[in-house]
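# Survey of secondary and tertiary structure
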Amino acid sequence: MLHAALLGGRVGFPVARPLTPSVAVLPIELVGSRAEVSPEDRPVWSRCVHMKITDVDLTLFAWEGIPPTTYGKHTGKFGGRSHLGLLTITTDDGIRGHAFLGSAMRGAHLDGESLIEALKPVVLGQDPLDRERHYRAMWQRNRATTLRAIGAVDVALWDIAGKVAGQPIHRLLGAYRESVPAYASSAVLPSAPAYAEEAAKFKSQGWLAYKIHPPTDPQLDIEVCRAVRKAVGDGFTLMLDGSWAYQYPEALRVGKAIEELGYHWYEDPLADDDLYTYVKLKQQLHIPILATEYSPGGFTAFAPWITAHATDFLRGDVAVKAGITSLVKTAHLAEAFHMNLEVHHGGNSLNNVANLHVIMAIKNCEFFEVLLPAGAQKYGLVEDIEVDSNGLVHAMGEPGLGAAIDFDLIERRKTAVLR
Ligand SMILES: [Mg+2]
């Protein structure tokens with residue numbers, strides 16, 4: 001008879017002993033019926049795992065002084081004050097997992113109540129390491145809550161797993177690399193020269209790529225793209241995010257123009273659910289198209305985009321696609337079709353850390369997105385992700401998410417605790 005103590009204390013994973021095949025493929029139902037199975041009859045790995053979630057709460061904290069910002073018609077103009085939420089999942093042995101909920105343009109209270117009402121009962125009393133089971137159970141509640149809330153719980157569960165194992169999350173996922181190129185991703189700026197100046201500034205600081213969120217007037221957008229290309233020269237990597245703003249004729253016109261200008265990808269030119277027209281557009285353009293950032297549905301909704309040849313890459317992040325679990329599945333799905341999953345920014349500092357862990361664990365993502373301005377994206381960490389002089393961002397090295405949360409700031413700005 002084996003006990004966790006004989007295997008060297010906590011051995012949530014990796015399992016410290018080789019398993020016979022017959023043990024390794026035991027059905028998942030055994031997890032749920034653990035209480036009715038005598039300890040001697042449990043599979044080895046089941047006997048190793050003995051954590052329990054004892055509490056889930058969300059601390060709302062104020063974010064002031066956000067600069068006036070817009071990314072297009074889909075966001076409008078926002079700024080001033082918002083709320084983030086610090087999600088804390090507490091376990092019976094004292095390990096806590098965290099995630100941030102919310103962004104500068106969407107306060108955490110909007111998703112927070114449904115997180116507590118619909119998702120807390122799903123995970124409370126459960127083993128935090130049973131992430132796949134929790135992901136599926138939370139997904140079943142998706143009509144009662146939001147993908148952002150599911151994503152936050154999933155990220156916090158991964159944080160716990162990393163802390164249990166004493167490893168950064170990207171190493172649990174299977175580390176592939178230690179750094180990745182970043183791109184500066186503009187807000188909507190007042191003029192073509194403003195974009196040109198900003199792109200040139202980032203290039204001079206060593207950044208390797210720049211993406212434009214344009215005014216979404218097709219003629220003006222083409223002028224912006226020309227001005228930026230002229231400012232940075234032919235060798236610099238540029239992308240355009242059409243922000244779902246065009247009809248087919250405009251999308252084709254803008255696409256042809258940036259194809260000529262040697263842009264690297266053409267992101268979301270059409271409505272997020274317009275798979276039919278994406279197929280038509282892709283047949284007319286050579287520039288790679290990046291769709292599916294906000295395509296409706298969850299992980300399985302990517303299938304028709306791939307089979308219809310409607311996009312060249314998949315897109316998502318831990319907030320809009322429901323967590324690290326879902327994002328990693330998406331990356332592996334894309335890999336089977338020799339496609340990239342280009343990871344979207346996460347809307348808050350800790351989501352970006354979670355995104356970075358996923359990128360470090362996959363080959364098929366070219367860039368880490370840094371959405372501008374920093375004052376509308378970075379908040380709540382002691383030290384945020386920074387781009388080095390070579391244009392790279394680097395993996396977090398501490399267990400779990402590995403980023404130092406600014407608990408003092410959160411305490412000072414606390415406005416409510418949902419529990
Ligand atoms: Mg985008």
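Residues numbered from 1 in each chain as written. Predicted model: local features only at pLDDT ≥ 70, side-chain atom pairs only at ≥ 80, totals over all residues.

## Let's talk about the packing of helix α8 (residues 192-204) against helix α9 (residues 218-232)
Put simply, α8 and α9 touch, their axes get as near as 8 Å, and they point 35 degrees apart. For the pair α8 and α9, the crossing hand works out as right-handed. Every residue of α9 that contacts α8 at Ala192, Pro193, Tyr195, Ala196, Ala199, Ala200 and Lys203 is listed here: Glu223, Val224, Ala227, Val228, Lys230, Ala231 and Val232. Of the residues that constitute the contact of α8 with α9, the class distribution is 11 nonpolar, no polar and three charged. (Axes fitted to C-alpha atoms, helices over the stretch in contact; angles between N-to-C directions. Helix = DSSP H or I, 4+ residues; strand = E, 2+ residues; numbered from the N terminus. Left-handed = near helix turned anticlockwise from the far one by under 90°. Contact = placed C-beta atoms within 7 Å. Nonpolar A, V, L, I, M, F, W, Y, C, P; charged D, E, K, R; others polar.)

## Remarks on the packing of helix α5 (residues 131-140) against helix α6 (residues 147-165)
Running from amino to carboxyl end, α5 crosses α6 at an angle of 170 degrees, the nearest separation of the two axes being 10 Å. Classed by the angle they form, the pair α5 and α6 counts as roughly antiparallel. Contacts from Arg131, His134, Tyr135, Met138 and Trp139 in α5 reach Ile150, Val153, Asp154, Leu157, Trp158 and Ala161 in α6. By residue class, the composition of the contact of α5 with α6 is eight nonpolar, one polar and two charged. (Parallel < 35°, antiparallel > 145°, perpendicular 65-115°, else oblique.)

## Regarding unusual backbone geometry
In this model, Leu372 is joined to Pro373 through a cis peptide bond whose omega is -10 degrees. Here Pro373 lies in the loop between β11 (368-371) and β12 (392-394). Of note in the backbone geometry, Thr216 takes a positive phi value of approximately 65 degrees without being a glycine. Residue placement: Thr216 occurs in the loop between β5 (209-212) and α9. A positive phi angle, close to 55 degrees, is found at His338, a residue other than glycine.

## So, the pairing of strand β1 (residues 53-70)
Side chains on a regular strand alternate between the two faces of the sheet. Sheet topology note: the β1/strand β2 (residues 77-91) ladder contains 13 bridges and is antiparallel. What sits directly across from Leu58, in β2, is Leu87. The antiparallel pairing of β1 with β2 creates a hairpin that spans six residues between the two strands, and Gly72 there sits at a positive phi of about 140 degrees. With four bridges joining them, β1 and strand β13 (residues 414-418) adopt antiparallel strand pairing. What sits directly across from Leu58, in β13, is Leu418. (Pairing = 2+ DSSP bridges.)

## Topic: helix α4 (residues 109-123)
Compared with the 21 Å implied by 1.5 Å per residue over 15 residues, the 20 Å span of α4 between its first and last C-alpha is a close match. The largest bend in α4 comes to about 40 degrees, at Leu115. Those residues of α4 that sit buried are Asp111, Gly112, Leu115, Leu119, Val122 and Val123. Lining the buried residues of α4 we find β1, β2, β3 (96-101), α5, α6 and β13. A positive backbone phi angle near 85 degrees is found at Gly125, which sits one or two residues after α4. (Expected span 1.5 Å × (residues − 1). Bend = angle between axes of the 7 residues up to and from the residue. Buried ≥ 20, exposed ≤ 12 C-beta atoms within 10 Å, placed from the backbone.)

## What to know about the environment of Ala104
Considering the arrangement of structural elements, one finds Ala104 in the loop between β3 and α4. Separated by 37 residues in sequence, Ala104 and Pro67 have C-alpha atoms that sit 9.5 Å apart. Those residues within four positions of Ala104 in sequence are excluded, and the remaining contacts are Trp63, Ile66, Phe78, Ser82, Ala376 and Gln377.

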